[in-house]
Amino acid sequence: MAELAIPELALVALVGVSGAGKSTFAAAHFGPFEVLSSDHFRGLVADDVNDQAATTDAFDALFYVAGKRLQAGRLTVVDATHVQASARKALVALAKAHDVLPVAIVLDVPEGVALRRNRSRTDRTVSDAVVRRQADQLRRGLRGLSSEGFRVVHVLAGEQEIAQATLIREHVLNDRRDQTGPFDVIGDVHGCRSELETLLGALGYQLIRDHQGRAVDATHPEGRRVIFLGDLVDRGPDTPGVLRLAMGMTAAGHALAVPGNHEHKLIRALGRSQVTPTHGLAETLAQLAAETPEFRQAVRDWCYSLVSHLVLDEGRLVVAHAGLKEAYHGRSSGRVRSFALYGDTTGETDEYGLPVRYPWANEYRGRAMVLYGHTPTPTLDWVNNTLCLDTGCVFGGKLSALRYPEKETVQVDAEQVWYEPIKPLIPATPARGPDDLRLDDVVGHRVIETTHQGRITVRPEQAAGALEVISRFALHPRWLRYLPPTMAPAAASARSDYLEHPDEAFADYAARGVRELICEEKHMGSRAVLLLCRDAAVAAQRFERDRRRDRRAVHPHRALLLSPRPDRGTAFQVADCLRSRGVVVRARH
């Protein structure tokens, strides 16, 4: 009995001549919605599954639906002959476009069996000449499927092997959603073994040493595990010591790891590829030269085995060396691996000759927390549920870790500057401030969970109005703890020269049963919303602000004193200060 292993997320091409039994095989091994049949799509576009003139339109529709399924992360099976290389090429291109693995399952039946089956069919007619031509095309292309780009190829020869085959769906290598932590995620180590041992101690791990006193493992009494974010090697004083510890922890199940661009380069160097030994690689090779050949081979094998990124905790956590945008989470392709190892660039270089990194995190809107390293920063700053944990230890900065899911950071100082950086460790200037809003943050269909009103749906046609209401207060939405009551607006005026007209406003209220109104002259001057917190800790906790920032936020338009309620003396002092500057203050206690 043949066992066919296929990835859970893949584009599967059934390959075989007419009469090979592809549709029967698909119905036996895949769900009804997973299979897209070329015959079915001919029927959809032409009301006739035998209309060969509709083939182009049928495949256009089929590829569109297949693309939508792959975009949603669903296994997709295409039931067509696929005996021509051009047809298979289009499928491989579709798989690459959605960063999934292309899989070929070949049903290779004797030509006589296919001829007999087609002659007995009543639903459609395929001539013997067509079947013989298809069989010839299949034989000529069978050996080249792997070179065409199919990552997995299964060939079932004969009726018995096809009938006895079973399918096993395997997790994609980066799918670790069943592993929920807790984790301690550590940024770029770069050969700083001593700092790594100190950080592990600060995190509560107990080091295990070999007979030579070298750290070869670390365990946590509460069962926590480490995740290494890559770039364990190069530049620092003891790359072999870092690797020995990380390899021992992963082998014992006490750690997970993803590769960095420096590991990627080390693999090639240890494999005797032509590699320029820059950016600390020369130091690493010199340090490894003092180790045994067996250790060097184990290092290369371990680095080679690392998967570009990991999806953990039911999809709530993604780790990758250089970060990963949402469209690439859980996907498998060359460009996904390249992004995970090197990130994205603008195509420009800075004054230091280094590539300018594209600020992908500024545009990130994914549900998963993304933890990464790669680009050293002096401070740990959250950007849209992403955090860079490379704080330049080897350059004299810090070695940083994040406790997950607690979101607590732990850092240790570098013992010294081990490697002079090309570019100084200075705060990166974000392309977009943390309080800036994007139009696509609010337009379209949105569902908002609220504390008092439950789930509220904002329809696309209501988005502009909602944005207009928010914009009146000139505040980022996360600062809007309270919206002051105001008059319910009437419908826009039907008169061409008016946005609103009193006659229509009064008529609107009368139609709603309102018989009495209190009218007040409206002051159109500048007002402000004032958010006053008890102290900096409350501001950081309630509003996720950096503790070092000013705990006061005053924005023009309307003045309010909000809970948590400050003491009355402070409140009146603030109110008096605002009034002295011409701000109309109405306090809500």
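What counts, and where the lines are drawn
- Each chain has its residues counted from 1, running along the sequence as written.
- Only residues with pLDDT of 70 or above have their local features reported here, since the model is predicted, and side-chain atom pairs are shown and tallied only from 80 upward, although totals for entire chains, interfaces and linings are computed over all residues.
- To obtain the side-chain values, all non-hydrogen atoms of the structure were used and water was disregarded.
- Helix and strand definitions here come from DSSP, where helices need a minimum of 4 consecutive H or I residues and strands a minimum of 2 consecutive E residues; each element is numbered from the N-terminal end.
- Per-residue accessibility, obtained with a 1.4 Å probe over protein chains only, is compared with the maximum for each type, and a residue is labelled buried under 20%, exposed over 50%, and partly exposed between these values.
- Throughout, a residue-residue contact means that at least one pair of heavy atoms, one from each residue, lies within 4.5 Å.
- Computed by Shrake-Rupley with a 1.4 Å probe, the accessible areas treat only the displayed protein chains as cover when residues are assessed.
- For helices, the fitted axis covers only the stretch in contact; all axes are lines through C-alpha atoms, and the angles between them, taken along N-to-C directions, range from 0 to 180 degrees.
- Throughout, the term roughly parallel applies to angles under 35 degrees, roughly antiparallel to angles over 145, roughly perpendicular to angles from 65 to 115, and oblique to all others.
- We call a crossing left-handed when the near helix sits turned anticlockwise from the far one by less than a right angle, and right-handed when that turn is clockwise.
- For this classification, the nonpolar set comprises Ala, Val, Leu, Ile, Met, Phe, Trp, Tyr, Cys and Pro, the charged set comprises Asp, Glu, Lys and Arg, and every other residue, Gly included, is treated as polar.
- Scored from 0 to 100, pLDDT records how confident the predictor is in each individual residue.
- The sign given to each residue is positive for Lys and Arg and negative for Asp and Glu; His and the chain ends receive no count.
- Between Lys or Arg on one side and Asp or Glu on the other, a salt bridge is scored when a side-chain nitrogen of the former is within 4 Å of a carboxyl oxygen of the latter.
- Whenever a nitrogen or oxygen atom comes within 3.5 Å of another N or O atom, the pair is scored as a polar contact, on the condition that within protein one atom can donate a hydrogen and the other can accept it, and that pairs from neighbouring residues in sequence are kept only if both atoms are in side chains.
- A pair of strands counts as paired when DSSP detects no fewer than two bridges linking them.

Focus: the overall build of the protein
- Scanning the protein from terminus to terminus reveals 17 helices and 26 strands.
- Within the protein, buried positions represent 43% of all 589 residues.
- Contacts spanning at least 24 positions in sequence make up 68% of the contacts within the protein whose residues lie at least 6 apart.
- Accessible area for the protein stands at about 31600 Å²; split by element, carbon and sulfur atoms hold 51% of it.

Digging into the packing of helix α9 (residues 239-251) against helix α12 (residues 293-305)
- Axis separation between α9 and α12 bottoms out at 11 Å; the angle between their running directions is 60°. As judged from the angle between their axes, α9 and α12 are oblique. In this structure, α9 meets α12 at a crossing whose hand is left-handed. Together, Pro 240, Leu 243, Arg 244, Ala 246, Met 247 and Thr 250 of α9 and Phe 295, Ala 298, Val 299 and Trp 302 of α12 make up the contact between the two elements.
- For the contact of α9 with α12, the class distribution of residues is eight nonpolar, one polar and one charged.

What about the confidence of the model for the protein?
- In this model, the protein carries an average pLDDT of 86, and 84% of its residues clear a pLDDT of 70 or more.
- Note on residues 428-432: pLDDT under 50 across the span, and eight contacts to partners over four residues away in sequence or across chains.

Topic: the side chain of Asp 390
- Position of Asp 390 among the secondary structure elements: in the loop between β20 (386-388) and β21 (398-404).
- In this structure, Asp 390 is buried with no salt-bridge partner, the nearest side chain bearing the opposite charge being Arg 235 at 6.7 Å.
- Engagement of the side chain of Asp 390 in a polar contact is seen with the backbone nitrogen of Gly 392, the distance being 3.0 Å.
- Leaving out residues up to four positions away in the same chain, Asp 390 has contacts with Asp 188, Tyr 372, Gly 373, His 374, Thr 375, Pro 376 and Thr 377.

Examining the pairing of strand β5 (residues 101-108)
- Of all eight residues that make up β5, seven are buried, and the element is covered over most of its length.
- Bridging between strand β2 (residues 10-15) and β5 involves six bridges; their strand directions are parallel. Counterpart to Leu 14 in the pairing with β5 is Ile 105.
- Across six bridges, the pairing between β5 and strand β6 (residues 152-157) is parallel. Across the sheet, the residue bridging to Val 106 is Val 155, located in β6.

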